[in-house]
Amino acid sequence: MTPTLFGLLILERDPYVLADAAGLVQAWFQDAGGFAAIGLFVYILYALTIPSEQAESAKSRASVTTFMLVMAVVSLLLYVGYVVLLAGGKGVDVTNFRQTSTDGSFVKAVAPKFSLNLQPMALMLAGLAAVLGIGQPFAANVLKMRGRRIWALAKLGFKEASRAKLYWVFLLFLLPFLFPAKWYFLFKAENELRSTVSITAYAMNFVLLLPAVLLAAFSIPRDIRDQNIYTIVTKPVERFEIVFGRFLGYAGLLSVVLLLMTTVGWLYILTTGVSKEAEADTYKARVPVRGKMVFASRKADFQGTNVGREFDYRKYIAGDPSSPQRAVWSYPRVPNALIRDRDYVPCEFTFDIFRMTKGVENRGVDLTVRVTTRQAGQVPPVDQKDGTWRWADEARGQLYAKDAKDAVRKLRGLGPNDDVNAEAVFRYAEPPPPGQPPSKEWAALNELTEKYGFFEIAGKEIFDYHPESINIPVGLFKNAQQPGGDASLPAISIAIKCQTGGQMLGVAEGDLYLLEGQRLFAENYFKTSFGLWCRLCILVGIAIVLSTYLAGVIALLGAAVTFFCGYFGDHIADMATGNSSAGGPFRAVNSLLKAEQPTAQADPANSLAKLTDGGDLFFSWMVRRFINVVPDLDSYSWTGYLSEGFSVPLECLAMNLLTTVGYLLPWFVLSFYLMRSREVAA
Amino acid sequence: MAQDVIVETRNLTKTYRDFWGRKKKTALNALDLSINKGEIFGLLGPNGSGKTTTIKLLLGLLFPTTGDAFVFGESSANVEKNERIGYLPEESYLYRFLNAEETLDFYGRLFNIPSSVRRKRAAELIELVGLGNDKKRILREYSKGMRQRIGLAQALINDPDLIILDEPTSGLDPLGTAWMKELILDLRNKGKTVLMCSHRLDDVQDVCDRIAILFNGDLQEQGTVTKLVEDAQRMQITATGLALTDALKHDLDAVIKKHGGTLDGFGHPSTTLEKLFLRVVDESRARPGRRYLPPTEATPAAKS
Ligand SMILES: Nc1ncnc2c1ncn2[C@@H]1O[C@H](COP(=O)(O)OP(=O)(O)OP(=O)(O)O)[C@@H](O)[C@H]1O
Ligand SMILES: [Mg+2]
């Protein structure tokens, strides 16, 4: 079994999947609805303050329909209801209880889940009403849009860019290809593809995003400055059509360029290739099946150990034959794809080794991997000296041991009383190459696994950050699909134990997965570009919307700042969700003044501490609003997947599209109001 | 009657403000106008008197500070009224990277005109404005007069009922000017309504049925051209083939005296509208705050 070279994907959070859609939509209505409510109330107040003797056109520009009024009232009532619930501590959102870390270590960000509790529902419905209210004139305008007009405006942007010879800018993209990076840097074989992929990704981001924001931010202001807009708004063109037509034009233009660039990049990778050593493992697009990871030990509250590395993405279990500590990945269900026409399912993993003692030269660390189903539930050992987990159903465990020995005796043609080491025999059973019948050992092992739902590999040697893999007989997954066993257990559990004393094994959820199969590298390469496409749309959208009201340069700056803040969105989010235990800035200042350790627990009785915590609560609320405005750019980055050889799931791309639309929609509504209130000739 | 009014302004006022809402300039002050179907209406006035401002208000390019503007009975903020309007801006602000054909196609699409109709109409209009040989050249290369022509074609792409022309003859040579006037009259004959503004008085006099004179944002004079330039107290006799001699003067004097009149003088007729225009402007300068009073109100005022 050759080790795989790639697969070091760091998953600070899981990408959104279709199952997250409901929760995200709820969160969208809560957040976007809040903004909509403010907009709606301000708009109605403004409209009501227009004196009655004012011009009819002024009133028609700020018309308030009964529907908007009703929605405003409904929304207001629901917000009042929410505040009452909040004050009374009723209907708290228990579904989205935010896990905050106590020791400052890494906590994986999770997608919001749909919650039926009263508080989140009230917030969502209030937001929904506000969105409907403020969205009504917008929707009415959208219904009046005509494809011919939008297409005309879109084509205009296209033509303008091409007649201005903009494509020269995009040719810049070819520069890095003319001077391949390998001329300048020496790469390890396995890093060659990584660097090619990331260099193309950087080049594409740069060469596309910069012209995108320039084109979009200046188009409408230039139309207004050059007064071309006079001949457009005096045609039966809805104001939002101007915004949307421009958006489509530039987004379309950039999409074409993106597609061309992706193709060029792909051809480049195809033609130059990577060195022979890396080739076998390079062009991969693994389809992993990921599980949830928990730590387990004799003590129920074991959370893994923090070894004090600055990047605390991983936590550690102690290595020793007598260590009861395990990192356990669990799968609530078994995907059918894992069983279909195969003899085994690879399980791949990459861990970090933290050496407490120097260890043996050129030796890795030994692991024991134990894979069990519901029918083979395991419990930690009771005895202090004992590091081996036991079967919950001890009788069944003994039965298994006996059956395993019997199977080996049968294989070796031994008598019933001959002593055999079943583990040692099965340890070296190899699955058959594709299309060939399995060896006798493998067949016996498979049969045994299918019967008991238990499979273990001991003494698996691994090296620091080096991906390794074991092959699990398909019988285990078949067993997992059978009824029976302890229903409270997950269908499959994979427990990792570190055998080598004096070593700590660093694990994170993304470090181990079952391999369902492979997809085409080319397909993956093009899928990766979809993320960039979403980013392009977002940037073009923000820039155009801002330019409906601001001068070109200001719109450019505003869009650029908003967009680039998106690259730091995750870190800001950590601060807002209180994931950093040092608390927000208020608490930090308070502890600075009192010369406390920043990680000291705040004294809950102290009124100043309460005050600063209140300040931090408000601060984190403000930061959260800021995060609503800033695009979540990390979620559109698939370069890591590509370069580490993981297939980008299609449903995640669908979610990318959903979040892009969800992000841009409020901006578009804003642009509608800005454009409508704009005196283009003033 | 109400049906026949195409454009109406009521107390239309526009004050330009700067970014902070401070008042910069009142460009139009309480304008009451109405333009009837099928007439050519001329807005006259010196530079900066508010002609373009009036037009922009009618088109919804500007929002009135107070008062209202109605076109086809609908508020100027309404977008749908634009279906029936053709507008030629003061300078033709078209996209310079498009050629004539593309320009017309673009604006045709904005009117949601199907492509077959669009193509046919564009070809006709290009012939009409005499750009047949230059239709493939981009507008950046056009001369001022050519741009004015393509601007006009653009304004007519939707076969509008109301055509608003801001200084249609600017940049045109005398031949072009004559052609433009011909075209405007032609449009009127087809039952269209035309609103044009200009400070070329001969243009206005030749084509307009009614005019309004603006000065410094105030309406100074309004009425049919013939009425306005007519001088009820005096009479003009025109003749051809005469030489100016003392004998002729003597004889004319005798004839006029015989009928109880006095001979003021004689010579070649001058453009009377120009006189009127200059008189109005002079008077407005001399008496700031002078305003046009509609006849119905003027009569009682005169009595008192
Ligand atoms: N955007 C603006 N901001 C401030 N003042 C303006 C603006 N546009 C026009 N004005 C002022 O309003 C007044 C009327 O301008 P307008 O363009 O309507 O004149 P006009 O009658 O069309 O003149 P012209 O014959 O030169 O075209 C002028 O004093 C001008 O300075
Ligand atoms: Mg003007």
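Calculation rules
- Residues numbered from 1 in each chain as written.
- Chains lettered and ligands numbered in written order.
- Predicted model: local features only at pLDDT ≥ 70, side-chain atom pairs only at ≥ 80, totals over all residues.
- Heavy atoms only, no water.
- Near = heavy atom within 4 Å.
- Polar contact = N/O pair within 3.5 Å; in protein donor to acceptor, adjacent residues only side chain to side chain.
- Areas by Shrake-Rupley, 256 points an atom, 1.4 Å probe, with all protein chains shown as cover.
- Nonpolar A, V, L, I, M, F, W, Y, C, P; charged D, E, K, R; others polar.
- Helix = DSSP H or I, 4+ residues; strand = E, 2+ residues; numbered from the N terminus.
- Axes fitted to C-alpha atoms, helices over the stretch in contact; angles between N-to-C directions.
- Parallel < 35°, antiparallel > 145°, perpendicular 65-115°, else oblique.
- Left-handed = near helix turned anticlockwise from the far one by under 90°.
- Pairing = 2+ DSSP bridges.
- Buried < 20%, exposed > 50% of the residue type's maximum accessible area, 1.4 Å probe, protein only.
- Contact = heavy atoms within 4.5 Å.
- Phe/Tyr/Trp six-rings, centres within 6.5 Å; stacked < 30°, edge-to-face > 60°.
- Core = buried A, V, L, I, M, F, W, Y, C linked by side-chain atoms within 4.5 Å.
- pLDDT = per-residue confidence, 0-100.
- Donors = N, O, S within 2.8 Å, 3.2 Å for Na, K, Ca; no water.
- Expected span 1.5 Å × (residues − 1).
- Bend = angle between axes of the 7 residues up to and from the residue.
- Domains from an automatic or database assignment.
- Salt bridge = Lys/Arg side-chain N within 4 Å of Asp/Glu carboxyl O.
- Patch = residues over 30% accessible without salt bridge, like charges linked within 9 Å, V, L, I, M, F, W, Y side chains within 5 Å.
- Buried area = accessible area lost by both parts, 1.4 Å probe.

Asks: Please clarify how the site of ligand 1 should be interpreted in this entry.
Replies: As a matter of local geometry, ligand 1 sits amid 17 residues, with B:Gly48, B:Lys51, B:Thr52, B:Thr53 and B:Glu90 nearest to it. Neighbouring residues of ligand 1 are not confined to a single chain but are spread across chains A and B. Contact distances for ligand 1 include 2.8 Å between an oxygen atom and a backbone N or O atom of B:Gly48. A distance of 3.0 Å is found between an oxygen atom of ligand 1 and a backbone nitrogen or oxygen belonging to B:Gly50. Protein chains bury 72% of the 640 Å² of accessible surface belonging to ligand 1 in isolation. The residue makeup of the shell around ligand 1, split by class, is five nonpolar, seven polar and five charged.

Asks: In this structure, what is going on with unusual backbone geometry? I would like to understand it.
Replies: Leaving glycine out, the prevailing phi sign among residues is negative, and the prevailing peptide bond configuration is trans. Of note, B:Asn112 is a non-glycine position whose phi angle comes to about 60°, a positive value. You can see B:Asn112 is positioned in the loop between helix H2 (100–110) and helix H3 (115–128).

Asks: How should the packing of helix H3 (residues 66–88) of chain A against helix H4 (residues 118–143) of chain A be read in this particular structure?
Replies: For any two helices packed against each other, the geometry comes down to the angle between their axes and how far apart the axes lie. Residue and element names in this part refer to chain A. The interhelical angle for the contact between H3 and H4, taken along N-to-C directions, is 160°, at an axis separation of 8 Å. Taken as axis vectors, H3 and H4 run roughly antiparallel relative to one another. With respect to the hand of their crossing, H3 and H4 are arranged in left-handed fashion. Here the residues of the contact of H3 with H4 are counted per class, giving 18 nonpolar, five polar and no charged.

Asks: Help me understand the pairing of strand S2 (residues 23–36) of chain B, please; the structure alone is not making it clear to me.
Replies: On any regular strand, side chains alternate: one points to one face of the sheet, the next to the other face. All names here are of chain B. The pairing of strand S1 (residues 5–17) with S2 spans nine bridges and is classified as antiparallel. Paired with Thr-15 across the two strands is Thr-26, which belongs to S2. The antiparallel pairing of S1 with S2 creates a hairpin that spans five residues between the two strands, and Gly-21 there sits at a positive phi of about 85°.

Asks: Can you help me understand the side chain of B:Gln222 in this one?
Replies: Residue and element names in this part refer to chain B. With respect to the helices, strands and loops of the structure, Gln-222 is situated in strand S10 (residues 218–224). According to the relative accessible area criterion, Gln-222 is buried, its value standing at 15%. If we ignore the near neighbours within four places in the chain, the residues touching Gln-222 are Asp-32, Leu-33, Ser-34, Phe-41, Arg-210, Ile-211, Ala-212, Leu-228 and Tyr-292.

Asks: Explanation requested: the sheet that holds strand S3 (residues 40–44) of chain B in the structure shown.
Replies: Adjacent strands of a sheet form backbone hydrogen bonds with each other and so pair up, either parallel or antiparallel. All names here are of chain B. Judged by pairing direction, the sheet is mixed, and its six strands sit side by side in the order S6-S7-S8-S3-S9-S10 without closing on themselves. Looking at strand neighbours, the two that pair on one side only are strand S6 (85–88) and S10, the edges of this open sheet. Across this sheet, the average inter-strand angle for adjacent strands is 15°, counted without regard to direction. Across six bridges, the pairing between strand S9 (residues 210–215) and S10 is antiparallel. Residue pairing for S10: Phe-215 is matched across the bridge by Asp-218.

Asks: Help me understand helix H15 (residues 474–481) of chain A, please; the structure alone is not making it clear to me.
Replies: A large share of H15(A) lies buried, amounting to six of its eight residues. All buried positions along H15(A) are accounted for by A:Val474, A:Gly475, A:Leu476, A:Phe477, A:Asn479 and A:Ala480.

Asks: I keep staring at the sheet that holds strand S4 (residues 326–331) of chain A and nothing clicks. Help me out?
Replies: All names here are of chain A. The five strands lie next to each other as S2-S4-S12-S7-S10, forming an open sheet whose pairing is antiparallel. The open sheet has two edge strands, strand S2 (292–296) and strand S10 (454–462), and neither has a second partner. Averaged over all pairs of adjacent strands, the angle between strand axes in this sheet comes to 20°, irrespective of strand direction. Sheet topology note: the strand S7 (residues 365–373)/strand S12 (residues 492–498) ladder contains seven bridges and is antiparallel. What sits directly across from Arg-370, in S12, is Ala-495. Contacts from H15 reach S7, S10 and S12 within the one sheet, and its direction differs from that of S7 by about 35°.

Asks: In this structure, what is going on with the packing of aromatic side chains? I would like to understand it.
Replies: Two aromatic rings are characterised by how far apart their centres lie and by the angle between their planes. Counted by the stated rule, this structure contains 32 aromatic pairs over all chains. Taking the centre distance of 5.3 Å and the plane angle of 70° together, the rings of A:Tyr43 and A:Tyr673 count as edge-to-face. Residue A:Tyr43 is located in helix H1 (residues 21–49), and its partner A:Tyr673 is located in helix H22 (residues 650–676); the two are separated by 630 residues in the primary sequence. With respect to class, A:Tyr43 is no different from A:Tyr673; both count as buried. Plain terms: the ring middles of A:Tyr230 and B:Tyr93 are 5.8 Å apart, the flat faces sit at 85° to each other, and that makes the pair edge-to-face. In this pair, A:Tyr230 is assigned in helix H9 (residues 228–233) and B:Tyr93 in the loop between S6 and H2, connecting two distinct chains. On the accessibility criterion, A:Tyr230 (3% relative accessible area) is buried. Owing to a relative accessible area of 17%, B:Tyr93 belongs among the buried residues under this scheme.

Asks: What is the right way to look at the nonpolar core in this model?
Replies: Soluble globular proteins tend to pack their nonpolar side chains together in the buried interior. Counting 165 residues, the largest nonpolar core has A:Leu208, B:Phe106 and B:Ile150 as its most contacted members. No other element matches helix H16 (residues 521–547) of chain A, which puts twelve residues into this core. Leave out the neighbours within four places in its chain, and A:Leu208 touches A:Phe170, A:Leu254, A:Val257, A:Leu258, A:Met261, A:Leu532 and A:Leu536.

Asks: What exactly am I supposed to notice about the confidence of the model for chain B here?
Replies: Residue and element names in this part refer to chain B. Residues at a pLDDT of 70 or more form 91% of chain B, whose mean pLDDT is 84. Between the elements of chain B, mean pLDDT differs from a low of 48, seen in helix H10 (residues 295–303), to a high of 94, seen in S6. Throughout residues 297–304 the model reports pLDDT below 50, and contacts reaching past four residues in sequence, or to other chains, amount to one contact.

Asks: Can you help me understand the coordination of the magnesium ion (ligand 2) in this one?
Replies: Within the protein, the atoms that donate to the magnesium ion (ligand 2) are B:Thr52 (OG1) and B:Glu90 (OE), at distances of 1.9 to 2.4 Å. Remark: B:Glu90 occurs in the loop between S6 and H2 and B:Thr52 occurs in helix H1 (residues 51–59); sequence separation between them is 38 residues.

Asks: Whenever I open this one, H4(A) confuses me. Can you help?
Replies: Structural remark: α-helix, 3.6 residues per turn; residues separated by three or four positions point the same way. Taking 1.5 Å per residue as the helical rise, H4(A) with its 26 residues ought to reach 38 Å, and the 35 Å between its terminal C-alpha atoms agrees with that figure. The axis of H4(A) is deflected most strongly, by about 50°, at A:Gly135, and proline A:Pro137 appears within four residues downstream.

Asks: So what exactly am I meant to see when it comes to the domain arrangement of chain B here?
Replies: By convention, interface size is frequently given as the accessible area that disappears when the constituent parts associate. Domains assigned within chain B are domain 1 (5–230 + 270–303) and domain 2 (232–269). Look at where the C-alpha atoms of domain 1 of chain B and domain 2 of chain B centre, and you get two points 40 Å apart.

Asks: Whenever I open this one, the pattern of salt bridges confuses me. Can you help?
Replies: Where charged atoms from two side chains of opposite charge approach closely, those side chains can pair. Residues and elements named next belong to chain B. Tallying each qualifying case throughout the model produces 38 salt bridges over all chains. Between Asp-209 and Arg-188 there is a salt bridge, and its shortest N-O distance comes to 2.6 Å. Taken together, the residues Asp-209 in the loop between helix H6 (201–207) and S9 and Arg-188 in helix H5 (residues 174–189) connect sequence positions 21 residues apart. On the basis of relative accessibility, which here comes to 23%, the residue Arg-188 falls in the partly exposed class.

Asks: I would appreciate a short explanation of a nonpolar patch on the surface in the present structure.
Replies: All names here are of chain A. Together, Tyr-167, Trp-168, Leu-171, Leu-174 and Val-264 give the surface a local cluster of nonpolar side chains, amounting to about 470 Å² of exposed area. Ranked by the residues each element gives to the nonpolar patch, the list is headed by helix H6 (residues 167–171), at three residues. One can find Val-264 in helix H10 (residues 239–272).

Asks: What am I meant to see in the interface of chain A and chain B here?
Replies: Contacts between the two partners involve 40 residues from chain A, matched on the other side by 39 residues from chain B. Summing the contributions of chain A and of chain B, the shared interface buries around 3,600 Å²; its carbon and sulfur component is 60%. Applying the counting criterion to the chain A and chain B interface returns four salt bridges. B:Lys14 serves as the salt-bridge partner of A:Glu679, at 2.4 Å between the closest nitrogen and oxygen.

Asks: Teacher, can you tell me more about the packing of helix H8 (residues 192–225) of chain A against helix H17 (residues 552–565) of chain A here?
Replies: All names here are of chain A. Contact pair H8 / H17: the axes reach a minimum separation of 8 Å and the direction vectors enclose 140°. Between H8 and H17, the interaxial angle falls into the category oblique. For the pair H8 and H17, the crossing hand works out as right-handed. Between H8, through Leu-209, Val-213, Leu-214, Ala-217, Phe-218 and Pro-221, and H17, the contact on the second element is made entirely by Gly-552, Val-553, Ala-555, Leu-556, Ala-559 and Phe-563. Here the contact of H8 with H17 is built from residues that sort into eleven nonpolar, one polar and no charged.

Asks: Would you explain the environment of B:Ile213 in this entry?
Replies: Mapped onto the secondary structure, B:Ile213 falls in strand S9. In sequence terms B:Ile213 and B:Leu44 are 169 residues apart; their C-alpha atoms lie 4.6 Å from each other.

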